[in-house]
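# Breakdown of the fold
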Amino acid sequence: MNLADLNKVARAMVAPGKGILAADESSGTIKKRFDVIGVESTEDSRRDYREMMFRAKDAMTNYISGVILYDETIWQKAKDGTPLVKVIEQAGAIPGIKVDEGTQALPGCPGELITVGLDKLAERLKKYYEQGARFAKWRAVIDVGNGIPSATAIHTNAHALARYAALCQAAQIVPIVEPEVLMDGDHDIDRCYEVTEHVLRKTFQELYEQRVALEGMVLKPNMAIAGKKSPKQASVAEVAEKTIKLLKSWVPSAVPGIAFLSGGQSDEDATAHLDAMHRIGGLPWGLTFSYGRALQAAPQKAWSGKAENVAAGQQAFTHRAQMNSLASKGEWKADLEKKKAA
Ligand code: 13P
């Protein structure tokens, strides 16, 4: 492992004003997204959609540091035969790859999940590196509900995250460590805070025990936020303040960067929250976005599977990328969204 090089990539992923596009939806998930816009999910339509974003030059060059790809996409070629990985590199962004293989029921823990995909991961990482991937992602899912999460689910998922991270670093790939506390429930922000605290403590303990170099990784956490069904929604200021308190307490400053998932927040909320955190300031790590839905909902709608809408899709993507870039510097303003809508 060359830690200096891993660190260089990790810092580039969270470079000021830039963030990560999470375009790594599995075939099942992208089908759900396409169903919403009435587009059939085929190998070609998935390629066309992703190529549209990767060729949005302004967004990719100025606001996007890296792209998380799904296995299918990393091997795909653009319509003109250029590998999509090259299209991303030519725009100045870094290709990355989702390497977990989804979740399975965790035995003994009803309603809880464990992320799988460690078997043969070392061999897969080698192939992904050869194909151009310089970072990877593994997502652990922690649900909040009646009597959950269990300590077992938190521990088991943290263990798997650390095993994955160690394998990535051995393969000279920067691991994005993503322990996601879901916002699907009816819990309030304080319950989310408490669960996320437990998850982060356990995750960093496992990373330490499995000798993962913190300088060569990026953390992808949820924010401290109320569940979507909670009657007690927190303000933007409260989300920002509690998230920063939580991260400052449990994320060592040796970690070069933190890149949030959007987790089901509205596009504008995800932007406003990141912006408010930067306005608090005094952060020891890079802090940016690694959004899936909050970057793609608008371009998906604008594109709607039609070749004549490619420019509109790219424009919608560029707008969201720019808004989040501004937020990652604490320079976003709500009026900028209104101007766009006008
Ligand atoms: P969302 O921003 O849609 O939560 O997706 C980010 C991601 O990569 C989830 O694993």
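Our subject in this report is the structure included herewith. Quantities reported herein were computed from a predicted structural model and do not represent experimental measurements.

Taken together, 13 residues are adjacent to the ligand, and Lys-137, Lys-220, Ser-262, Gly-263 and Arg-293 come closest. Arg-139 has a polar side-chain atom sitting 3.5 Å from an oxygen atom of the ligand. With the chains in place, 92% of the 300 Å² that the ligand exposes on its own is no longer accessible. In a pocket analysis with a 2 Å cut-off to the grid points, the ligand is assigned to the largest pocket. Of all the elements in the fold, those that place two or more residues in the shell around the ligand are strand 6 (135-142) and strand 10 (286-291).

It is worth spelling out the packing of aromatic side chains at this point. Applying the stated rule across the entire model yields six aromatic pairs. Each ring, one from Phe-34 and one from Tyr-49, has its centre 5.6 Å from the other, and the planes form 90°; the classification is edge-to-face. Linking Phe-34 in helix 2 (residues 27-37) with Tyr-49 in helix 3 (residues 43-54), this pair joins segments that are 15 residues apart in sequence. When its relative accessible area of 0% is taken as the criterion, Tyr-49 is described as buried. An aromatic cluster is built from Phe-34, Tyr-49 and Trp-303, whose rings are joined through pairwise contacts. Sitting over the face of the ring of Tyr-129, Arg-134 holds its NZ or CZ atom 3.7 Å from the ring centroid.

Taken as a whole, the largest pocket encloses approximately 650 Å³ of empty space. Every residue lining the largest pocket is counted, 29 residues in all, and those nearest its centre are Thr-29, Arg-33, Lys-137, Arg-139 and Arg-293. Residues of the lining of the largest pocket, tallied by class, amount to seven nonpolar, nine polar and 13 charged. Roughly 210 Å³ of internal volume is contained in the second largest pocket. Forming the boundary of the second largest pocket are 13 residues, of which Asp-48, Lys-79, Trp-303, Ala-307 and Val-310 lie nearest the centre. Sorting the residues of the lining of the second largest pocket by element identifies helix 3 and helix 13 (310-327) as the ones contributing at least two each. Sorting elements by how many residues they give to the lining of the second largest pocket places helix 3 first, with four residues.

This part is about the sheet that holds strand 8 (residues 218-219). With respect to topology, eight strands assemble into a closed barrel ordered 1-2-3-6-7-8-9-10, the strand pairing being parallel. Of the pairings in the sheet, the one linking strand 6 to strand 7 (residues 174-181) comprises eight bridges and is parallel in character. Directly across from Arg-139, in strand 7, lies its bridge partner Glu-178. Helix 12 (residues 293-303) contacts strand 1 (19-23), strand 2 (64-69) and strand 10 of the sheet and is inclined by roughly 60° relative to strand 1. Sheet contacts for helix 13: strand 1, strand 2 and strand 10; angle to strand 10, the most-contacted strand, approximately 155°.

A few words on the packing of helix 10 (residues 236-250) against helix 11 (residues 267-280). Closest axis-to-axis distance for the helix 10/helix 11 pair is 8 Å, and the angle between their directions is 60°. Comparing their axes, helix 11 and helix 10 come out oblique. Every pair of crossing elements has a handedness; the one defined by helix 10 and helix 11 is right-handed. Of the residues in helix 11, those touching helix 10 at Val-236, Val-239, Ala-240, Glu-241, Thr-243 and Ile-244 are Ala-272, His-273, Ala-276, Met-277 and Ile-280. Split into classes, the residues belonging to the contact of helix 10 with helix 11 amount to eight nonpolar, two polar and one charged.

Conventions adopted
Residues numbered from 1 in each chain as written. Predicted model: local features only at pLDDT ≥ 70, side-chain atom pairs only at ≥ 80, totals over all residues. Heavy atoms only, no water. Near = heavy atom within 4 Å. Polar contact = N/O pair within 3.5 Å; in protein donor to acceptor, adjacent residues only side chain to side chain. Areas by Shrake-Rupley, 256 points an atom, 1.4 Å probe, with all protein chains shown as cover. 1 Å grid on protein atoms, 1.4 Å probe; cavity = no way out; pocket = protein on both sides within 12 Å on 5 of 7 lines; lining within 4 Å. Sits in = over half its atoms within 2 Å of the grid points. Helix = DSSP H or I, 4+ residues; strand = E, 2+ residues; numbered from the N terminus. Phe/Tyr/Trp six-rings, centres within 6.5 Å; stacked < 30°, edge-to-face > 60°. Buried < 20%, exposed > 50% of the residue type's maximum accessible area, 1.4 Å probe, protein only. Lys NZ or Arg CZ within 6 Å of the ring centre and 35° of its normal. Points joined across faces, edges and corners; volume = space filled by probe spheres on them. Nonpolar A, V, L, I, M, F, W, Y, C, P; charged D, E, K, R; others polar. Pairing = 2+ DSSP bridges. Contact = heavy atoms within 4.5 Å. Axes fitted to C-alpha atoms, helices over the stretch in contact; angles between N-to-C directions. Parallel < 35°, antiparallel > 145°, perpendicular 65-115°, else oblique. Left-handed = near helix turned anticlockwise from the far one by under 90°.

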